[in-house]
Amino acid sequence: MIEELNPHWYAVYVRSRYEKKVHQWLEEKELTSFLPLLETMRQWSDRKKKVYEPLFRGYVFVNIDMKHEHIKVLETEGVVKFIGIGRNPSVISERDIEWLRTLVREPDALHQTVSTMPVGRKVRVLAGPFKDLEGIVVKQGREDRMIIFFDSIMQGIEVSIIPDFLLPL
């Protein structure tokens, strides 16, 4: 009898500047990996170039059956550890992964990554590409910005949202 795999999403912490390499190596091991990248323009003294940088530095997401595949992940060069509480890796919901995919598809709405949750009101987005997303709003001038905070990895992203699309919770 073949045992069914029960995969969940997890975040792994990787060596500095190893995100793309680890993502590639995990996929070469036939593991499902996700690395949210944003296209940015970098300028050096002699040229400008478009580069893809990780949305969250130091993190790569994997969709694995922890019982059967965690060793494959930990044996991958550049992987430091699973992110979690104590020795228990935190499961990242499919909804959070879909939100990350949406954020990467809407790069003009992104502003910066934050690692602390700001004080503000909790809201849900009613319409647009971020529909059903929940987060904390930060008022800055005439524009509402929302911090979408992912508890599982203790990181957040700041996005611009039209205030009419926000429902206070």
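Residues numbered from 1 in each chain as written. Predicted model: local features only at pLDDT ≥ 70, side-chain atom pairs only at ≥ 80, totals over all residues. Heavy atoms only, no water.

### Section: the pattern of salt bridges
Short version of the rule: Salt bridge, as used here, is a side-chain nitrogen of Lys or Arg placed within 4 Å of a carboxyl oxygen of Asp or Glu. Per-residue accessibility, obtained with a 1.4 Å probe over protein chains only, is compared with the maximum for each type, and a residue is labelled buried under 20%, exposed over 50%, and partly exposed between these values.
For the structure on display, the rule yields six salt bridges. A salt bridge links arginine 47 to aspartate 46; the shortest N-O distance between them is 3.1 Å. Classification of aspartate 46 by relative accessible area gives exposed; the value is 61%. What emerges from the salt-bridge pattern is a single network uniting Arg42, Glu53 and Arg57.

### Observations regarding unusual backbone geometry
Selection rule: Only runs of H or I of at least four residues qualify as helices and only runs of E of at least two qualify as strands under DSSP, and these elements are numbered from the N terminus.
Positive phi, normally seen in glycine, also occurs at arginine 17, with a value near 65°. Relative to the assigned elements, arginine 17 resides in the loop between strand E1 (8-14) and helix H1 (19-28). Although it is not a glycine, glutamate 30 sits at a positive phi angle of roughly 60°. Take glutamate 30: it is sitting in the loop between H1 and strand E2 (32-34). Glutamate 30 gets classed as exposed once you look at its relative accessible area, which sits at 73%.

### Here's the deal with the packing of aromatic side chains
Basically, it comes down to this: Side-chain rings of Phe, Tyr and Trp, where Trp is taken by its six-membered ring, are said to pair if the distance between their centres is within 6.5 Å; with planes under 30 degrees apart they count as stacked, over 60 as edge-to-face, and otherwise as tilted.
This model, assessed by the stated rule, comprises five aromatic pairs. Both rings, one in tryptophan 9 and one in phenylalanine 34, keep their centres 6.5 Å apart while their planes meet at 75°; by these two values the pair is edge-to-face. Highlighted residues: tryptophan 9 in strand E1 and phenylalanine 34 in strand E2, separated in sequence by 25 residues. Its relative accessible area of 9% is what places phenylalanine 34 among the buried residues. Relative to phenylalanine 82, the ring of tyrosine 10 has its centre 6.0 Å away and its plane inclined at 85°; by these criteria the two rings are edge-to-face. Here tyrosine 10, found in strand E1, pairs with phenylalanine 82, found in strand E6 (residues 79-82); they are 72 residues apart in sequence, far enough to count as distant.

### Quick word on the nonpolar core
Which entries qualify depends on this criterion: Among buried residues, those of type Ala, Val, Leu, Ile, Met, Phe, Trp, Tyr and Cys that are joined through side-chain atoms within 4.5 Å constitute a nonpolar core. The criterion used for residue contact is that any of the two residues' heavy atoms lie within 4.5 Å.
One finds Phe56, Phe61, Leu100, Met146 and Ile153 to be the most contacted residues of the largest nonpolar core, which totals 27 residues. Secondary structure elements with two or more residues in this core: E1, strand E5 (59-64), helix H3 (94-105), strand E11 (122-125), strand E13 (143-150) and strand E14 (155-160). For isoleucine 153, the residues in contact, after removing those within four places along its chain, are Ala11, Phe56, Tyr59, Phe61, Ile83 and Ile92. Within the second largest apolar cluster, 15 residues are counted, among which are Tyr10, Leu35, Val60 and Val73.

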